Amino acid sequence: MKLIDFIFAARPMLLLPVWSIYLVTVKSVDENQQADMAMMLPLIAVTLIVIGGYYLNQIYDYESDRINRKLGFLQSGMIGRSEMMAAYLAATLTGLIIGFYSGFQIGLINISQVILAAIYSLPPFRLKDRPYLGLAANILGYGIILPLLPPTFWENFETARLVIPAYFGLTVAAEFLLTIIPDREGDKKTGKTTLSVIFSNRILILSGAICFAAAVWLAGIAGLKSLTFISLTALILYLTTLLAPREGLILFVCKFPILLITLLAGYYFPAYLVFIVVLLLTTRLYYKKRLKKTYPRLN
């Protein structure tokens with residue numbers, strides 16, 4: 001049971017942006033690319049590094065997670081702090097080894113991810129508790145660095161490809177601005193100065209809408225029709241939410257764009273879609289039986 005607890009403490013549903021952005025980037029760069037070992041190894045490597053970052057985050061966000069009623073693996077005593085730290089080290093080191101095995105350039109990119117994950121949670125840096133640096137860290141880690149990992153990104157490289165990380169950087173920024181809203185109460189009580197503490201819901205939603213408007217323009221000029229549709233849909237949803245910024249609606253709207261990106265990745269790689277369905281069902285079952293919670297949910 002402990003091993004299963006560690007698997008779900010890795011927050012597999014939060015890995016959807018990692019997997020989906022990577023896979024969509026692969027197809028955006030080379031529509032004929034298949035899911036071979038050369039393509040999958042960098043994804044496995046970065047997945048392990050991100051999992052390590054999630055473990056570390058739970059260790060150093062113990063109090064605010066308790067107030068915000070987050071998943072609670074540490075708070076419930078299911079996993080000890082020393083055990084989670086050991087899991088962080090194991091996942092991170094394994095990810096780095098696989099990354100360098102995939103290629104020296106990929107290994108170097110992964111080192112930047114490890115450093116970013118560390119300073120995101122560790123004092124005295126704790127970028128996640130700093131309003132603009134926390135936003136910048138998410139944009140850089142998920143939106144900009146991640147799309148640089150597929151080996152095909154650098155084959156026959158053209159500067160026009162830089163539109164892809166810019167697009168995902170804007171998408172991640174827009175989603176981050178809404179995902180921090182439910183954490184406002186816990187952030188205030190623990191003395192954090194995050195963007196959700198500084199700004200109102202409407203300002204955060206409007207800022208996200210501006211990001212998606214820019215993403216629509218970028219995807220349009222690059223001829224990425226599917227990504228243009230996704231960002232345009234997200235823009236409409238964000239503008240609609242401005243009229244009635246209720247928490248349930250905000251939670252739905254901030255998750256919907258990554259759902260569309262995941263479905264697009266599943267269209268490109270049908271096996272991935274099957275994997276996601278199985279993951280969703282097993283996660284629901286685990287949380288229902290083990291933690292008596294309904295998770296994941298769209299609102």
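Our structure's up above, just so we're on the same page.
> Help me out: how do you make sense of the overall build of the chain in this one?
Across its full length, the chain holds 14 helices and 0 strands. Listing every helix and strand of the chain by position from the N terminus yields α-α-α-α-α-α-α-α-α-α-α-α-α-α. Expressed along its principal axes, the backbone C-alpha trace of the chain runs to roughly 50 × 50 × 40 Å. Here the chain holds 299 residues, and the buried ones make up 54% of them. A separation threshold of at least 6 residues defines the contact pool for the chain, and within that pool the share at least 24 residues apart is 72%. Surface summary for the chain: the accessible area is close to 14000 Å², and the carbon and sulfur share equals 69%. For the chain, the distance from the average position of its 26 positive side-chain charges to the average position of its 16 negative side-chain charges is 10 Å.

> Honestly, the packing of aromatic side chains in this entry has me stumped. Any pointers?
Aromatic ring pairs: the centre-centre distance and the angle between the two ring planes describe each pair. In this structure the tally under the stated criterion is 13 aromatic pairs. Ring plane angle 90 degrees and centroid distance 6.1 Å describe the contact between F6 and Y55, whose orientation is recorded as edge-to-face. Of the two residues, F6 sits in helix α1 (residues 2–9) while Y55 sits in helix α3 (residues 37–60), which places them 49 residues apart along the sequence. Y55 shares its class with F6; the two are buried. With centroids separated by 5.2 Å and ring planes inclined at 70 degrees, the aromatic side chains of F153 and W154 adopt a geometry described as edge-to-face. On the accessibility criterion, F153 (0% relative accessible area) is buried. Here the aromatic residues F8, F73, Y286, Y287 and Y295 are joined through ring pairs into a cluster of three or more.

> Help me understand the pattern of salt bridges in this model?
Any two side chains of opposite charge can pair, given that their charged atoms come close. Per the stated rule, a full pass over the model turns up 6 salt bridges. Put simply, K2 and E83 hold a salt bridge, and the shortest N to O gap is 3.2 Å. With a gap of 81 residues between them, K2 in helix α1 and E83 in helix α5 (residues 81–102) connect regions that are remote in the sequence. By relative accessible area, which is 31% here, E83 ends up partly exposed. A salt bridge links R290 to D5, with the shortest nitrogen-to-oxygen separation between them at 2.7 Å.

> Any chance you could explain the nonpolar core here in plain terms?
Buried together is how nonpolar side chains tend to be arranged in soluble globular proteins. Residues W19, Y55, F73, L178, L227 and Y238 are the most contacted members of the largest nonpolar core, which totals 88 residues. Those residues in contact with W19 that lie beyond four places of it in its chain are P12, L43, T47, Y272, F275, I276 and L279.

> Quick question: what am I supposed to make of a nonpolar patch on the surface here?
Nonpolar side chains collect at one region of the surface, where F100, F104, L108, I111 and I115 lie side by side and expose about 460 Å² of accessible area between them. A per-element tally of the nonpolar patch places helix α6 (residues 104–121) first, with 4 residues. Looking at the element boundaries, F104 is found in helix α6.

> For this particular structure, what's the right way to read a positive patch on the surface?
Judged by side-chain charge, R284, K288, K289, K292 and R297 come together as a positively charged surface patch. Within the secondary structure, R297 is located in the segment after α14 (270–291). R297 gets classed as partly exposed once you look at its relative accessible area, which sits at 46%.

> Would you mind showing me how to read the environment of S231 here?
Within the element layout of this structure, S231 appears in helix α12 (residues 225–243). Exposure remark for S231: the relative accessible area of 0% places this residue in the buried category. With sequence-adjacent residues up to four places away left out, S231 is seen in contact with Y167, F212, A215 and V216.

> Looking at this model, I keep getting lost on the packing of α6 against helix α7 (residues 131–145). Mind explaining?
Relative to each other, α6 and α7 sit at 155 degrees, their axes nearing to 11 Å. Classed by the angle they form, the pair α6 and α7 counts as roughly antiparallel. Handedness of the α6/α7 crossing: left-handed. From α6, I109, S112, Q113, L116 and Y120 reach across to α7, where they touch G134, A137, N138, L140, G141 and I145.

So, how was this worked out
- Just so you know, the residues in each chain are numbered from 1, in the order the chain's sequence is written.
- Selection of residues for local features in this predicted model requires a pLDDT of at least 70, selection of side-chain atom pairs for listing and counting requires 80 or more, and totals for whole chains, interfaces and linings are taken over all residues.
- Computation of side-chain values covers all heavy atoms of the structure but excludes hydrogens and water.
- The helix count covers DSSP runs of H or I at least four residues long, the strand count covers runs of E at least two residues long, and both are numbered beginning at the N terminus.
- Remark: exposure states derive from per-residue accessible area (1.4 Å probe, protein chains only) relative to the maximum for the residue type, with buried under 20%, exposed over 50%, and partly exposed in between.
- Note on contacts: a residue pair qualifies if any of its non-hydrogen atoms lie within 4.5 Å across the two residues.
- Exposure was quantified through the Shrake-Rupley algorithm and a 1.4 Å probe, taking into account, for residues, occlusion by the shown protein chains and nothing else.
- Just so you know, the count uses Lys and Arg for positive and Asp and Glu for negative, and it drops His and the chain ends.
- A charge is said to be at NZ when it belongs to Lys, at CZ for Arg, at CG for Asp and at CD for Glu.
- Two rings belonging to Phe, Tyr or Trp (six-membered ring only in the last case) form a pair when the distance between their centres is within 6.5 Å. Interplanar angles under 30 degrees mark stacking, angles over 60 mark edge-to-face geometry, and anything in between is tilted.
- For this document, the term salt bridge refers to a Lys or Arg side-chain nitrogen within 4 Å of an Asp or Glu carboxyl oxygen.
- What we call a nonpolar core is a set of buried Ala, Val, Leu, Ile, Met, Phe, Trp, Tyr and Cys residues that are connected through their side-chain atoms within 4.5 Å.
- Candidate patch residues must exceed 30% relative accessible area and have no salt bridge, after which like charges are joined if within 9 Å and Val, Leu, Ile, Met, Phe, Trp or Tyr side chains if within 5 Å.
- Lines fitted to C-alpha atoms define the axes here, with helix axes fitted over just the stretch in contact, and angles between the N-to-C directions of these axes take values from 0 to 180 degrees.
- By definition in this entry, angles of less than 35 degrees are roughly parallel, angles greater than 145 are roughly antiparallel, angles of 65 to 115 are roughly perpendicular, and the rest are oblique.
- Left-handed is the label given to a crossing in which the near helix is rotated counterclockwise from the far helix by less than a right angle, and right-handed is the label when the rotation is clockwise.

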